[in-house]
Amino acid sequence: MNFFTDSLLSALQLVFAADPELMAIVGLSLRVSLSATLVAGTLGIPLGFIIGFSQFRGKRVVITLLNTLLALPTVVIGLMVYTMISRRGPLGALNLLYTPTAIIIGQVILILPVITALTIAALSRIDDRYRRTALTLGADHFQTALVVFREARFGIVAAAVAAFGRVISEIGISMMLGGNARGFTRTMTTAMALEYDKGEFVLAVGLGIVLLTISLGMNTLLNYIQGRYAE
Amino acid sequence: MSLYVVRQLQHVYNDRIVLDLPDLTIEAGGMVALLGPNGAGKTTLLHILAFLLRPSSGRLWFRDAPVAFHSKHQHQLRRQVVLVEQQPILFSTSVAKNVAFGLKLRGLARSEIARRVDQSLELVGMRDFSGANGRHLSGGETQRVAIARAIACRPQVILLDEPTSNVDIENRMAIETIMGDIRNAGRSSIIFCTHDMAQAARLTPTRLHLAAGRLNGAGYENTFQAVLRREGEQHWGCIGDRLMVPLPPTSGVGARVAINPRRIEVSGEDLSPTWPKSCPGRVIQIVEDGDGIRLVVDVGVPLAVILSFRDYRALDPCIGDTVHVHCPLEALSLL
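The notes below deal with the structure included here. Predicted model only: the values in this text are computed from it and were never measured.

Conventions adopted
- Residues numbered from 1 in each chain as written.
- Chains lettered and ligands numbered in written order.
- Predicted model: local features only at pLDDT ≥ 70, side-chain atom pairs only at ≥ 80, totals over all residues.
- Heavy atoms only, no water.
- Helix = DSSP H or I, 4+ residues; strand = E, 2+ residues; numbered from the N terminus.
- Buried < 20%, exposed > 50% of the residue type's maximum accessible area, 1.4 Å probe, protein only.
- Areas by Shrake-Rupley, 256 points an atom, 1.4 Å probe, with all protein chains shown as cover.
- Lys, Arg positive; Asp, Glu negative; His and termini not counted.
- Charge placed at Lys NZ, Arg CZ, Asp CG, Glu CD.
- Pairing = 2+ DSSP bridges.
- Expected span 1.5 Å × (residues − 1).
- Arc of directions from axis to C-beta.
- Contact = heavy atoms within 4.5 Å.
- Axes fitted to C-alpha atoms, helices over the stretch in contact; angles between N-to-C directions.
- Parallel < 35°, antiparallel > 145°, perpendicular 65-115°, else oblique.
- Nonpolar A, V, L, I, M, F, W, Y, C, P; charged D, E, K, R; others polar.
- Buried area = accessible area lost by both parts, 1.4 Å probe.
- Salt bridge = Lys/Arg side-chain N within 4 Å of Asp/Glu carboxyl O.
- Polar contact = N/O pair within 3.5 Å; in protein donor to acceptor, adjacent residues only side chain to side chain.
- Patch = residues over 30% accessible without salt bridge, like charges linked within 9 Å, V, L, I, M, F, W, Y side chains within 5 Å.
- Core = buried A, V, L, I, M, F, W, Y, C linked by side-chain atoms within 4.5 Å.
- Left-handed = near helix turned anticlockwise from the far one by under 90°.

**Focus on the overall build of chain A**
Helices and strands together make up the secondary structure of chain A, namely 11 helices and 0 strands. Taken from the N to the C terminus, the helices and strands of chain A come in the order α-α-α-α-α-α-α-α-α-α-α. Each principal axis of the C-alpha distribution contributes one length, and for chain A these read about 65 × 50 × 25 Å. Per-residue burial over chain A gives 44% buried out of 231 residues.

See below:
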């Protein structure tokens, strides 16, 4: 019990003292995960929109495939991207391996299906009368799509938040593609794993507290937005 | 110029023909009521007339020009017709922005948009709500804002799908008044559907009757399922538990019949020997209907009867009176 409380208290001290190493790790994690979410959102939201909004043969197959990709293990993505960007891989010349960019690439692959599938789900919940109303009031197809997007905006924000939560807490990709280099590619989760291996729990628990706080903050924000919408 | 011309139009849904209109012309200017029971194809027809639904086959002309349902520029055509759905939905923004939506799409100047939004909301009595969120309105208020949103666009046609079926009496009266105002302003033609015969009678003399996807003459409004009962050589159709109508001998176990409201005979006294199987009923509604008076008589089922002014004065019925109705064979049509 002493061990647990000692670690927790020391970790809290570390957090409140804004320990420079801890802050650097948190900063990098946020930068990488936000970039990955931004890139995946820029690609995934329009993609989800195109799939959700259009009628084509094999649409159900595509959606099933996307839902299957939601369960893609991070180590598989890590391995896949590694073979592409390692020196012997086709993109080896770009020297991306063990850089934050490599982590971002892997994380984008991880959450692209998440954002796409959740965008499709958000659109499917939008009443079809919105589409018909926009059309009958004289909107063309693009303007109609914007109306539906507007009505689905909270669902789409929720998709982005869920995707961010997935990448900020993943470890496989960060470890395999980032390499956990101190001050360069060390993220919260890889740092925690390393500290655990070393038997140094204070920093690990401190990072754990920060990670949980970020998750709590994101979900509180999401709840607030949705609460305002439901009013 | 005809507003709509329909030729050989059919719409198939789930392998069932839900609309079958060989020939229909609707003239511009004025108000047309589309009557019929639930599932008659009224909404399907309105969606086709709003260019939102492509019919399975057939052709449609709008203001003498053929309608190309697959055209990429169909929104230009749609801007001349606005449909207000049975349960309209408002965008999750303010009432004023909802009304301004169609005007922005038409590229109107900001001052003109503000003027028309104000004017349209004033017409439906919702001006005080212009800043309110569209999601927070009651059913009747939503319906009125949706009508204002359509009026603001000043389309050639406003299509209203059962505009008063989901609102209270106060809103129903308000909406009927608004519809009358639009008609009187003469800017837009109105086509609305309803299953309320009295409402249609109050609002317009131009009425189309749809039953099972087909257009029927005006005499087809009392549509019932009759169960066959044989009495010697005579075949009767039993409707509800009281009304008996004569049926031709080849009707099987029953038939769907329509009773022409103008051919039903009504008397204040029981004329049983002269009128076989005449049936007593209570007068539950009296309303003016174009060139006559419409009575609704409760004979176990609500039966609409249209009397000439002379017959009406001779009968002089009041609400709650008992009258005797007789449906002669010539009033009957088998569907």
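**Overview of the overall build of chain B**
For chain B, the helix and strand inventory stands at 8 helices and 20 strands. Taken over the C-alpha atoms alone, chain B extends approximately 75 × 45 × 35 Å along its principal axes. Carbon and sulfur atoms make up 48% of the accessible area of chain B, which totals about 15,500 Å². Treating the 37 positive side-chain charges of chain B as one cloud and the 33 negative ones as another, the clouds have centres 11 Å apart.

**Section: the pairing of strand 19 (residues 322–326) of chain B**
Residue and element names in this part refer to chain B. Of all 5 residues that make up strand 19, 4 are buried, and the element is covered over most of its length. Inspection of the sheet shows strand 15 (residues 265–267) paired to strand 19 by 3 bridges, in the antiparallel sense. Of the residues in strand 19, the one forming a bridge with Glu-265 is His-326. Both strand 16 (residues 279–289) and strand 19 contribute to a ladder of 4 bridges, which runs antiparallel.

**Considering helix 4 (residues 110–123) of chain B**
Residues and elements named next belong to chain B. The end-to-end C-alpha separation of helix 4 is 20 Å, in line with the 20 Å expected for 14 residues at 1.5 Å each. Those residues of helix 4 lying buried are Ile-113, Arg-116, Val-117, Ser-120 and Leu-121. Angularly, the buried residues of helix 4 cover 125° about the axis, an arc narrow enough to put them on a single face. Along its buried surface, helix 4 packs onto helix 3 (95–105) and helix 5 (139–152).

**Points about the packing of helix 5 of chain B against helix 6 (residues 169–185) of chain B**
The description of two packed helices rests on the angle between their axes and on the distance between the axes. Residue and element names in this part refer to chain B. At their nearest, the axes of helix 5 and helix 6 sit 10 Å apart, and the two run at 10° to each other. Compared by their axis directions, helix 5 and helix 6 come out roughly parallel. Contacts between helix 5 and helix 6 involve Gly-140, Glu-141, Gln-143, Arg-144, Ile-147 and Ile-151 from the first element and Asn-171, Ala-174, Ile-175, Ile-178 and Ile-182 from the second. Across the contact of helix 5 with helix 6, the residue classes break down as 6 nonpolar, 3 polar and 2 charged.

**Concerning the pairing of strand 1 (residues 2–13) of chain B**
Residues and elements named next belong to chain B. With 10 bridges joining them, strand 1 and strand 2 (residues 16–27) adopt antiparallel strand pairing. Directly across from Val-6, in strand 2, lies its bridge partner Leu-24. Where strand 1 hands over to strand 2, the hairpin turn is made up of 2 residues, of which Asn-14 adopts a positive phi near 50°. The sheet contact formed by strand 1 and strand 4 (residues 57–62) spans 5 bridges and is antiparallel. Its bridge partner being in strand 4, Val-6 is matched across the sheet by Leu-60.

**What to know about the interface of chain B and chain A**
Listed by partner, the interface residues are 25 residues for chain B and 19 residues for chain A. Both sides together, the interface formed by chain B and chain A hides about 2,000 Å², and carbon and sulfur atoms give 55% of it. If you sort the residues of chain B by the area they bury against chain A, B:Ile89, B:Phe91 and B:Ser92 come out on top, with a joint share of 27%. Remark: the boundary between chain B and chain A carries 1 salt bridge. Of the charged contacts, one joins B:Glu85 and A:Arg132 as a salt bridge, the two residues approaching to 2.7 Å between their closest N and O atoms. Applying the counting rule to chain B against chain A returns 7 residue pairs in polar contact (both at pLDDT 80 or more). For the side of chain B that touches chain A, the secondary-structure elements that each account for two or more residues are helix 2 (74–78), strand 6 (81–84) and helix 3 of chain B. For the side of chain B that touches chain A, the residue count by class is 12 nonpolar, 7 polar and 6 charged.

**Focus: a positive patch on the surface**
Taken together, the side chains of A:Arg150, B:Lys97, B:Lys104 and B:Arg110 make up a positively charged region of the molecular surface. Assignment of secondary structure puts B:Lys97 in helix 3.

**So, the pattern of salt bridges**
Under the criterion given, the structure shown has 19 salt bridges over all chains. Note that B:Asp23 and B:Arg7 form a salt bridge whose closest N and O atoms lie 2.3 Å from each other. Residue B:Asp23 is found in strand 2, and its partner B:Arg7 is found in strand 1; the two are separated by 16 residues along the sequence. For B:Asp23, a relative accessible area of 48% gives the class partly exposed. In this structure B:Arg7 comes out as partly exposed when scored by relative accessible area, which is 33%. The salt bridge involving B:Glu122 is made with B:Arg127; its shortest N-O contact spans 2.8 Å. Using a relative accessible area of 40% as the deciding quantity, one classes B:Arg127 as partly exposed. In the salt-bridge network here, residues are joined through shared partners; they are A:Asp128, A:Arg131, A:Arg132 and B:Glu85.

**Some points on the nonpolar core**
Judged by nonpolar contacts, the single largest core of 74 residues is most densely connected at B:Ile147, B:Leu160, B:Met179 and B:Phe192. Looking at this core, the element that brings in the most residues is helix 5 (residues 100–124) of chain A, giving 10 residues. The residues contacting B:Met179, other than those within four sequence positions of it, are B:Met31, B:Leu160, B:Pro163, B:Ile190, B:Phe192 and B:Leu203. Among the nonpolar cores identified, the runner-up in size contains 29 residues, and B:Leu19, B:Ile26, B:Phe69 and B:Leu159 belong to it.

**What about the packing of helix 3 (residues 59–69) of chain A against helix 5 of chain A?**
All names here are of chain A. Close contact between helix 3 and helix 5 brings their axes to 9 Å; oriented N to C, the two are set at 135°. One element, helix 3, and the other, helix 5, form an angle in the oblique class. Where helix 3 crosses over helix 5, the two elements pack in a sense that is left-handed. Each of Ile-63, Leu-66, Asn-67 and Leu-69 in helix 3 lies in contact with helix 5, whose residues at this interface are Pro-113, Thr-116, Ala-117 and Ile-120. Across the contact of helix 3 with helix 5, the residue classes break down as 6 nonpolar, 2 polar and no charged.

**Some points on the side chain of B:Thr142**
Looking at the element boundaries, B:Thr142 is found in helix 5. Setting aside chain neighbours within four positions, we find B:Thr142 in contact with B:Pro88, B:Leu90 and B:Leu137.

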